[in-house]
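# Tertiary structure, described
Single-letter residue listing:
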Amino acid sequence: MNERLHSVLAQRGIPPESLAEVCEVDPKTVGRWLGGRVPHPRHRFRVAKHLRVEELFLWPAPVPSTQQQLAGSGQELVGTYQNRASVPRDTWLSLLNGAQEQISVLVFSGTFFAQSNPHVAKMLAERASSGVRVRLCFGDSKGQAAAIRGHEEGIGDTLAAKIRASLTYYRPLLSEAGCEVRLHDTTLYTSMFRYDDDLLINPHVWGQPASANPLLHLRRADTAGWFDNYAQSFEAVWATARPWTPDQEGPSPHGQD
């Protein structure tokens, strides 16, 4: 997320749509800039001139290539957050709205994903209607992995109940072309939220809820690295997950809905 661009727009009272008109681009393009994408040089010049700030203030000079080589895969690291709640809501929205090819989510319950954005299902359906492939992979509430995770967190069957509650938000997507919802029964080391070449990964610390753990923002580089490793692990889990059929979910064996 480009915090400086967000801040200057707010200070100047300039909405993103007005900036899009000045630069003669689609408002969605400005949304991607706010999400961290670096504009073309001509657009950077127009933005800086219109906002009356130095271009380098909005987009600092990149790290020298020699340092990038020493950093290895670390060059894919865009930002870090102490926990998932520290990620600004605007970041989630701009990444979702800016996706052009795919949105892929891997979680156990992902309750926050819908509760922090009540219109998430509608927004995902809109992205799918624009040609974006939407894949959501939740934990199987009846699976062994969810039961073990619930035990490790000390919440018992509550995780299974949270999964079923979270899934209710996404029922409308089952009839939407380009949207798929599946259930996995795998040990989940990391929750993932992919928007094209941006990937938010939420590593899991044993015994703690995912929301309390750090989150890393990766952006795909030209060479294989962290991003591709995590992306491949998503594909592996997705391939073994089963399609979600709400009518077969029913209550848990322990009687919790």
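Located above this text is the structure these notes cover.
Residues numbered from 1 in each chain as written. Predicted model: local features only at pLDDT ≥ 70, side-chain atom pairs only at ≥ 80, totals over all residues. Heavy atoms only, no water.

In this section: the overall build of the protein chain. Assigned secondary structure in the protein chain consists of twelve helices and eight strands. Here the protein chain, with 257 residues, has 47% of them falling under the buried criterion. Within the protein chain, residue pairs in contact and separated by at least 24 positions form 73% of the contacts whose partners lie at least 6 positions apart. (Helix = DSSP H or I, 4+ residues; strand = E, 2+ residues; numbered from the N terminus. Buried < 20%, exposed > 50% of the residue type's maximum accessible area, 1.4 Å probe, protein only. Contact = heavy atoms within 4.5 Å.)

Let us now look at the sheet that holds strand β8 (residues 242-243). Strand order in the open sheet formed by eight strands is β1-β7-β6-β5-β2-β3-β4-β8, with mixed pairing between adjacent strands. Strands at the two margins of the open sheet, each flanked by one partner only, are β1 (77-81) and β8. Relative to strand β6 (residues 198-203), strand β5 (residues 190-195) is paired through six bridges, and the arrangement is antiparallel. Note that in β6 the partner of Arg 194 across the bridge is Leu 199. Against the sheet, helix α7 (residues 89-98) touches β1, β2 (102-106), β5, β6 and β7 (215-219), its axis set at about 50° to β5. Of the strands in this sheet, β2, β3 (133-139) and β4 (179-184) touch helix α9 (residues 120-129), which is tilted by about 140° from β3. (Pairing = 2+ DSSP bridges. Axes fitted to C-alpha atoms, helices over the stretch in contact; angles between N-to-C directions.)

This part is about unusual backbone geometry. What you tend to see is this: most non-glycine residues have negative phi, and most peptide bonds are trans. We note that Glu 24 has phi near 60°; this positive angle belongs to a residue other than glycine. On the basis of relative accessible area, Glu 24 is assigned to the exposed category, the value being 65%. The phi dihedral of Arg 52 falls on the positive side, at around 60°, and the residue is not glycine. Overall, the relative accessible area of 61% leaves Arg 52 in the exposed class.

If you check helix α12 (residues 226-240), its first and last C-alpha atoms are 22 Å apart, about what 15 residues at 1.5 Å a residue would give, namely 21 Å. Regarding α12, the residues found buried are Phe 227, Asp 228, Ala 231, Phe 234, Val 237 and Trp 238. In the core, the buried residues of α12 are packed alongside β2, β3, β4, β5, β6 and β7. (Expected span 1.5 Å × (residues − 1).)

A complete count under the given rule lists ten salt bridges for this structure. As a salt-bridge pair, Arg 133 and Glu 180 come within 3.5 Å of each other at their nearest N and O atoms. One end of the pair, Arg 133, is in strand β3; the other, Glu 180, is in strand β4, with 47 residues separating them in the sequence. Glu 180 gets classed as partly exposed once you look at its relative accessible area, which sits at 29%. The network of salt bridges with shared partners includes Arg 37, Asp 198 and Arg 219. (Salt bridge = Lys/Arg side-chain N within 4 Å of Asp/Glu carboxyl O.)

One finds Trp 92, Phe 113, Leu 124, Leu 136, Tyr 170, Phe 193 and Tyr 195 to be the most contacted residues of the largest nonpolar core, which totals 53 residues. When residues of this core are assigned to their parent elements, the largest contribution, six residues, is made by α9. Setting aside residues up to four positions removed in sequence, Tyr 195 forms contacts with Trp 92, Leu 95, Leu 96, Ala 99, Gln 102, Ile 103 and Phe 113. In terms of nonpolar packing, the next biggest core, distinct from the first, is built from 16 residues, Ile 14, Ala 20, Val 53 and Leu 58 among them. (Core = buried A, V, L, I, M, F, W, Y, C linked by side-chain atoms within 4.5 Å.)

If you trace the backbone, Leu 58 turns up in helix α5 (residues 55-58). Classification of Leu 58 by relative accessible area gives buried; the value is 2%. Placed 53 residues apart in sequence, Leu 58 and Leu 5 show a C-alpha to C-alpha distance of 5.9 Å. The residues touching Leu 58, leaving out its near neighbours within four places in the chain, are Asn 2, Arg 4, Leu 5, Val 8, Val 47, Ala 48, Leu 51 and Val 53.

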